[in-house]
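Observations on the three-dimensional arrangement
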Amino acid sequence: MILERVKSEISSGATIPKPNAKGEFLVKGWGRRRGQSALIYTIPNHKKPSRPYQKGICASEFEAAYRELKSSGEFSRQWFNSNLSACAKEGGCNFTTIGGVFELLGEARYAGNGVYRFVR
C-alpha cells in the first residue's frame, strides 16, 4: 500500500520535486480534502510570499495513481485528467505533486511531456 509509505517516508517540510516549478512546494502534513484523509502541501503565492496557498491530494487518489503507475508502467497527465477529475479540477499542480511524491519514494521519475515512469 503506497499510502503507508507516503505517511512514513514523506515528512512535513519535505520539498516536492516539480518539473519547471518557480518556488518551493512543501509538504505541510495530513488533513482532509473532499471528505478524505489527504496530504496537504503548500504552493508559492507570488503576490504574498509569506502566505503560501494550500492544496491536498486524497489518500484514494494516491492509491489509484500508484495502481496506474505499476500496472501500465507510467502515470500520465492524460490518465490523471480522465480518472482523477476532482483532483485535476483543483489544478494541474496536483498531477506533479503526486508524481513528485512518487519520485521522493524512488518509485518513479519524470520522463517529460506529462509522464512519470515506474522505476522499480
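Conventions adopted
- Residues numbered from 1 in each chain as written.
- Predicted model: local features only at pLDDT ≥ 70, side-chain atom pairs only at ≥ 80, totals over all residues.
- Heavy atoms only, no water.
- Buried < 20%, exposed > 50% of the residue type's maximum accessible area, 1.4 Å probe, protein only.
- Helix = DSSP H or I, 4+ residues; strand = E, 2+ residues; numbered from the N terminus.
- Pairing = 2+ DSSP bridges.
- Axes fitted to C-alpha atoms, helices over the stretch in contact; angles between N-to-C directions.
- Phe/Tyr/Trp six-rings, centres within 6.5 Å; stacked < 30°, edge-to-face > 60°.

Topic: the pairing of strand S2 (residues 36–43)
In terms of burial, S2 is largely enclosed, as 6 of its 8 residues are buried. The hairpin formed by strand S1 (residues 26–33) and S2 contains 2 residues between the paired strands, and Arg34 there has a positive phi angle of roughly 50°. Bridging between S2 and strand S3 (residues 53–58) involves 6 bridges; their strand directions are antiparallel. Bridge assignment links Ala38 to a residue of S3, and that residue is Cys58.

Observations regarding the sheet that holds S1
With antiparallel pairing, 3 strands are arranged side by side in an open sheet as S1-S2-S3. Looking at which strands have only one partner, the edges of the open sheet turn out to be S1 and S3. For this sheet the average axis-to-axis angle between neighbouring strands, irrespective of direction, equals 35°.

A few points about the packing of aromatic side chains
Scanning the model with the defined rule gives 10 aromatic pairs in all. Considering the side-chain rings of Phe75 and Phe80, the 6.2 Å spacing of their centres and the 85° angle between planes classify their relative orientation as edge-to-face. Assessed through its relative accessible area of 0%, Phe75 is described here as buried. On the accessibility criterion, Phe80 (0% relative accessible area) is buried. Taking 5.6 Å as the distance between ring centres and 50° as the angle between the ring planes, the aromatic pair formed by Phe80 and Phe95 counts as tilted. Residue Phe80 is located in helix H3 (residues 77–83), and its partner Phe95 is located in helix H5 (residues 93–104); the two are separated by 15 residues in the primary sequence.

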